[in-house]
Amino acid sequence: MAKYGIYGSHTPETCPIYIRKFARVFAEIAELDPADLASAYGIHEIEARYHSALEHTFLWIVEADDPHLIEAFAIDTGLASFNTLEIVPVHTFEETVDRLKAAHKL
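Residues numbered from 1 in each chain as written. Predicted model: local features only at pLDDT ≥ 70, side-chain atom pairs only at ≥ 80, totals over all residues. Heavy atoms only, no water.

> Can you lay out the packing of aromatic side chains for me, pointing to particular residues and giving the numbers?
Tallying each qualifying case throughout the model produces six aromatic pairs. Ring centres 5.7 Å apart and planes at 90 degrees place the aromatic pair Phe-26 and Phe-82 in the edge-to-face group. A residue pair is termed long-range when its members are at least 10 positions apart, and Phe-26 in helix H1 (residues 20-30) and Phe-82 in the loop between helix H3 (67-77) and strand S4 (84-89) qualify at 56 residues. On the basis of relative accessibility, which here comes to 18%, the residue Phe-26 falls in the buried class. Taking the ring centre of Trp-60 as reference, the NZ or CZ of Arg-49 above it sits at 5.4 Å. (Phe/Tyr/Trp six-rings, centres within 6.5 Å; stacked < 30°, edge-to-face > 60°. Helix = DSSP H or I, 4+ residues; strand = E, 2+ residues; numbered from the N terminus. Buried < 20%, exposed > 50% of the residue type's maximum accessible area, 1.4 Å probe, protein only. Lys NZ or Arg CZ within 6 Å of the ring centre and 35° of its normal.)

So this is what it looks like as structure tokens:
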């Protein structure tokens, strides 16, 4: 299991603030049972969800088994239908510092 950042963006023309069917996608994702996410998509925890409405961007941090399953989640829920998404492995600052100390023997 690893942490992944889901970086998303959309255009103002497809923004859920203005488009009801896309607002419904977010509302339905918010209601998903965490146990269902773990069994269906290997997403064990959604640690954070940050959105910038006027930038039309968002960042979610998830603990998951496989980025390909996160991709399936985005497709199946409709999240990918109006957003450009990037799914990337991420580490905390502390984890990064520990790795740097080990690599450079600090």
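So that's the structure; there's more coming.
> Tell me what's going on with the pattern of salt bridges, and back it up with residues and numbers.
Per the stated rule, a full pass over the model turns up two salt bridges. For Lys-3, the salt bridge goes to Glu-47, with nearest N and O atoms at 2.8 Å. Taken as a pair, Lys-3 in strand S1 (residues 2-9) and Glu-47 in strand S2 (residues 43-52) lie far apart in primary sequence, 44 residues in all. The class of Glu-47 is partly exposed, set by a relative accessible area of 34%. One salt bridge in this structure joins Glu-63 and Lys-3, with 2.9 Å as the shortest N-O distance. Pair noted here: Glu-63 is in strand S3 (residues 57-64) and Lys-3 is in strand S1, with a separation of 60 residues, a long-range link. Across this residue pair, the class does not change: Glu-63 and Lys-3 are buried. One continuous salt-bridge network, built from bridges that share partners, spans Lys-3, Glu-47 and Glu-63. (Salt bridge = Lys/Arg side-chain N within 4 Å of Asp/Glu carboxyl O.)

Honestly, that's just the spatial picture; any functional story needs more than this.
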